[in-house]
Amino acid sequence: PPLETVPVLHHHLLNLPVLVVDDNASNRKALGTMLSSLKMQVSTAENGETAVDMLRAAVENGKPYQLILLDEKIPFLDGFKVAELIKEEPRLSQGARVVVMASAKQLFDSPQHESCLALGISACITKPVSQFDLIHALQQNCLL
């Protein structure tokens, strides 16, 4: 198969404040490493409740996150519920792009697709997330 080339990053992605929300420590670490290697400023949360607290604190500190990566299935307050709270309380996001990471690619082909759009979710990335897919999603759906 042909080699995939990584899309070129634009300078405004450098130092971008990003919040990664995933209950799996290995996934948080892998995504954190991937985003840090792209020179983004990464924070992580292991659940939705912590993520919402971190979003509020970031806004209060005048340093809101610009990108929020949410695992679709985190316990208690899942990625969709966090996205719903962000939509209901827009100051939490300050215009940040929300990307859902899902195990099933058919997520955006399902009836949930309209729900995703209604919740303001910018993109869905299939897990496991590759650097190519992440950058492509950011460029195509979020930050360019």
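Placed above this text is the structure.
Counting from 1, residues in each chain are numbered in the order their sequence is written. Selection of residues for local features in this predicted model requires a pLDDT of at least 70, selection of side-chain atom pairs for listing and counting requires 80 or more, and totals for whole chains, interfaces and linings are taken over all residues. To obtain the side-chain values, all non-hydrogen atoms of the structure were used and water was disregarded.

### Focus on the overall build of the protein
Stated precisely, the cut-off is as follows: We count a stretch as a helix when DSSP gives it H or I for four or more residues in a row; a strand needs E for two or more, and each element gets its number in order from the N terminus. Accessibility here uses a 1.4 Å probe with only protein chains present; expressed as a share of the type maximum, an area under 20% marks a residue as buried, one over 50% as exposed, and anything in between as partly exposed. By the convention used here, residues are in contact when the closest approach between their heavy atoms is within 4.5 Å. All accessibility values rest on the Shrake-Rupley procedure with a 1.4 Å probe; residue burial counts only the protein chains present in the view.
Broken down by element type, the protein carries five helices and five strands. Counting from the amino terminus, the protein carries its helices and strands in the arrangement β-α-β-α-β-α-β-α-β-α. By residue count, 43% of the 144 residues in the protein fall in the buried class. Considering only contacts within the protein whose residues lie at least 6 apart along the sequence, 71% involve residues at least 24 apart. Per element, the accessible surface of the protein, about 7800 Å² overall, is 52% carbon and sulfur.

### Quick look at helix α2 (residues 48–60)
Stated formally: By definition here, a helix of n residues has an expected span of 1.5 Å times n minus one. This arc corresponds to the set of directions leading from the helix axis out to the C-beta atoms.
Its 13 residues give α2 an end-to-end C-alpha distance of 18 Å, which sits within 8% of 18 Å, the value for a rise of 1.5 Å per residue. All of the buried residues in α2 are G48, A51, V52, L55, A58 and V59. When α2 is viewed along its axis, its buried side chains cluster within an angular range of 125° and face the same direction. Buried positions along α2 lie against β1 (17–21), β2 (41–45), β3 (67–71) and α3 (79–88).

### What to know about the pattern of salt bridges
Quick note on the threshold: Throughout this description, the term salt bridge denotes a Lys or Arg side-chain nitrogen within 4 Å of a carboxyl oxygen of Asp or Glu.
One pass over the full model with this rule turns up seven salt bridges. The partner of D22 in a salt bridge is K127, with the nearest N and O atoms 3.2 Å apart. With D22 in the loop between β1 and α1 (25–37) and K127 in the loop between β5 (121–126) and α5 (131–142), this pair connects stretches of sequence that are 105 residues apart. Both residues of the pair, D22 and K127, count as buried. K127 is the partner of D71 in a salt bridge, and the nearest nitrogen-oxygen pair spans 3.1 Å. Remark: K127 occurs in the loop between β5 and α5 and D71 occurs in strand β3; sequence separation between them is 56 residues. Across the pair, exposure class does not vary: D71 and K127 are buried alike.

### Quick notes on the sheet that holds β3
What counts here: Between any two strands, at least two bridges found by DSSP are needed for them to pair. Lines are fitted to the C-alpha atoms to define the axes, a helix being fitted only along its stretch in contact, and any angle between axes, read from their N-to-C directions, falls within 0 to 180 degrees.
Sheet architecture is open: five strands sit in the order β2-β1-β3-β4-β5, paired in parallel fashion. The strands lining the two open edges of the sheet, one partner per strand, are β2 and β5. In this sheet, neighbouring strand axes are inclined to one another by 20° on average, regardless of whether the strands run parallel or antiparallel. Along the sheet, α1 contacts β1, β2, β3 and β4 (97–102); its crossing angle with β2, the most-contacted strand, is approximately 170°.

### What about the nonpolar core?
We apply this condition: We call a set of buried residues a nonpolar core when its members are Ala, Val, Leu, Ile, Met, Phe, Trp, Tyr or Cys and they connect through side-chain atoms within 4.5 Å of each other.
I68 and I121 are the most contacted members of the largest nonpolar core, which has 23 residues in total. When residues of this core are traced back to their parent elements, those giving at least two are β1, α2, β3, α3 and β4. If you look at the next biggest cluster of nonpolar residues, it comprises 20 residues, including L13, L16, V129 and L138.

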